[in-house]
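Notes for the structure review
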Amino acid sequence: KADTGSSWRRPRRIAGVLQSVTIAHQDSPEQYRVVQTLPTERGARTLAVDPVRHKLYLASAKFAAPPAGSPPRPALVPGSFKLLVYRHGA
């Protein structure tokens, strides 16, 4: 449940950070206010925002340790992709 405290119809800036998504309201052209830090899964990425249905869509997957000798970026576990959907007021 994503509780922003105000309508999602207003312009918002959404940025993923590790295991959360920060939802901000644009108060003016030069000023943003953080409305909520929404806990998500590790590595989840914002795909889309539906301001009419008040939904936030994130892509996520499980991660495995990288193979020895490869770059330190975690590898995706095959078949673990999923879509996370958060709804305001749900």
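Numbering of residues begins from 1 in every chain and follows the order in which that chain's sequence is written. Local features are withheld for residues below a pLDDT of 70 in this predicted model, meaning they are given only at 70 or higher, and side-chain atom pairs are given and counted only at 80 or more; totals for whole chains, interfaces and linings count all residues. Working from all heavy atoms in the structure, the side-chain values ignore hydrogens and water.

A few points about the overall build of the protein chain
For the record, the criterion: Per the convention used, a helix needs a DSSP run of H or I reaching at least four residues, while a strand needs a run of E reaching at least two, with both numbered from the N terminus. Whether a residue is buried, partly exposed or exposed follows from its accessible area with a 1.4 Å probe, protein chains only, as a fraction of its type maximum: under 20%, in between, or over 50%, in that order. When checking whether two residues touch, look at their non-hydrogen atoms; a contact exists if any pair is within 4.5 Å.
When its secondary structure is counted, the protein chain shows 0 helices and 8 strands. In the protein chain, buried positions account for 28% of the 90 residues. A separation threshold of at least 6 residues defines the contact pool for the protein chain, and within that pool the share at least 24 residues apart is 39%.

Focus on the side chain of Asp 50
In plain terms, the rule: The definition of a polar contact used here is a pair of N or O atoms within 3.5 Å, where within protein one atom must be able to donate a hydrogen and the other to accept one, and adjacent residues in sequence count solely through side-chain atom pairs.
Turning to its location among the elements, Asp 50 is positioned in strand S4 (residues 45–50). The exposure class assigned to Asp 50 is buried, which follows from its relative accessible area of 13%. There is a polar contact of 3.0 Å between the side chain of Asp 50 and the backbone nitrogen of Arg 53.

Overview of the pairing of strand S2 (residues 20–28)
Here is the key point about a regular strand: its side chains alternate between the two faces of the sheet. Cut-off, in case you're wondering: Should DSSP find at least two bridges between two strands, the strands are regarded as paired.
Across 8 bridges, S2 lies against strand S3 (residues 31–39) in antiparallel orientation. Across the sheet, residue His 25 finds its bridge partner in S3, namely Arg 33. The turn joining S2 and S3, which pair antiparallel and follow one another in sequence, is formed by 2 residues.

So, the nonpolar core
To be explicit about the condition: Remark: nonpolar core denotes a set of buried residues (Ala, Val, Leu, Ile, Met, Phe, Trp, Tyr, Cys) joined through side-chain atoms within 4.5 Å.
Core analysis: the largest hydrophobic core is formed by 8 residues, namely Val 21, Ile 23, Leu 38, Ala 44, Leu 56, Leu 58, Leu 84 and Tyr 86. Breaking this core down by element, the ones donating at least two residues are S2, strand S5 (55–60) and strand S8 (82–87).

Describing the environment of Pro 78
Looking at the secondary structure, you find Pro 78 in the loop between strand S7 (75–76) and S8. As a C-alpha pair, Pro 78 and Ala 61 span 17 residues in sequence and 8.7 Å in three-dimensional space.

As for the pattern of salt bridges
The criterion, for reference: Salt bridges are defined as contacts in which a side-chain nitrogen from Lys or Arg sits within 4 Å of a carboxyl oxygen from Asp or Glu.
Overall, the coordinates contain 3 salt bridges when judged by the stated rule. Among the salt bridges present, the one from Glu 41 reaches Lys 82, with a minimum N-O distance of 3.1 Å. Placement of Glu 41 in the loop between S3 and S4 and of Lys 82 in strand S8 is noted, with a sequence separation of 41 residues between them.

A word on a nonpolar patch on the surface
Condition: Patch criteria: residues need more than 30% relative accessible area and no salt bridge. Like-charged residues are merged within 9 Å; nonpolar side chains of Val, Leu, Ile, Met, Phe, Trp and Tyr are merged within 5 Å. Surface exposure here means Shrake-Rupley accessible area, sampled with a 1.4 Å probe, where a residue is shielded only by the protein chains that are shown.
Residues Leu 47, Phe 81, Leu 83 and Val 85 make up a contiguous nonpolar surface patch of about 410 Å² in total accessible area. With respect to the secondary-structure elements, Leu 47 resides in strand S4.

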